[in-house]
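# Chains, contacts and geometry: an overview
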Amino acid sequence: MDDMTVGDRLDRFRARFPGCFVVAFADLSTGMVLADSSGAKTVQEQLDALCHSATDSLNGNIAQQLPGAGLPTNSMPQHAVALSGGEMACFLRSPTVENEALCILCDPQMPLSAVISEGAELLADIGREA
């Protein structure tokens, strides 16, 4: 494997998707952003809010409503997408470490399937490094 840090990997992911404003690697169990990459200065409060939205969407109140929408009772979502204020937030759960996730804030015109696919690969790579 190479010597890239998690931050380097996030930078590379964001560069791959020019409409991506923020990519944060988060621990859903603690609600903490562990590393991030952003095009402009992002204050901690913004990162905290993004992580809170990811936790709620993947583990919290929003996720708890999904079994009633047809998902099996024991299934938690692997990804969630929210549109607000001209931005798209995409939250991806790690395929290897259940409480790790990516929080991605980007232009709503981004190719969502590519963001989800490459984000899942990034999370798997980070999980293998741990």
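Check the entry above for the structure.
In short, a report on the structure.

About the cut-offs
Residues numbered from 1 in each chain as written. Predicted model: local features only at pLDDT ≥ 70, side-chain atom pairs only at ≥ 80, totals over all residues. Heavy atoms only, no water. Buried < 20%, exposed > 50% of the residue type's maximum accessible area, 1.4 Å probe, protein only. Helix = DSSP H or I, 4+ residues; strand = E, 2+ residues; numbered from the N terminus. Arc of directions from axis to C-beta. Pairing = 2+ DSSP bridges. Axes fitted to C-alpha atoms, helices over the stretch in contact; angles between N-to-C directions. Contact = heavy atoms within 4.5 Å. Core = buried A, V, L, I, M, F, W, Y, C linked by side-chain atoms within 4.5 Å.

Buried within helix 1 (residues 6–16) are the following residues: Arg9, Leu10 and Phe13. The arc that holds every buried residue of helix 1, seen down its axis, measures 100 degrees, which confines them to one face.

This part covers the pairing of strand 3 (residues 79–84). Of the strand pairs in this sheet, strand 3 and strand 4 (residues 87–93) are connected by 6 bridges, and their pairing is antiparallel. Bridge pairing in strand 4 places alanine 82 opposite alanine 89. Hairpin geometry of strand 3 and strand 4 is characterised by an intervening segment of 2 residues between the two adjacent antiparallel strands and by a positive phi of about 55 degrees at glycine 85.

Turning next to the sheet that holds strand 3. Across the sheet, 5 strands lie side by side as 2-1-5-4-3; this open sheet has antiparallel pairing. Each edge of the open sheet is held by one strand with a lone partner, namely strand 2 (32–38) and strand 3. The sheet shows a mean angle of 15 degrees between the axes of neighbouring strands, direction not considered. Sheet strands touched by helix 4 (residues 112–129): strand 1 (20–27), strand 3, strand 4 and strand 5 (100–106). Its angle to strand 4, the strand with the most contacts, is close to 40 degrees.

Counting 19 residues, the largest nonpolar core has Phe13, Leu102 and Ile104 as its most contacted members. Those elements that place two or more of their residues in this core are helix 1, strand 1, strand 4, strand 5 and helix 4. If we ignore the near neighbours within four places in the chain, the residues touching isoleucine 104 are Phe13, Cys20, Val22, Val23, Met88, Ala89, Cys90, Leu92 and Val115. By size, the runner-up hydrophobic cluster in this structure holds 16 residues, among which are Val33, Leu47, Phe91 and Ala101.

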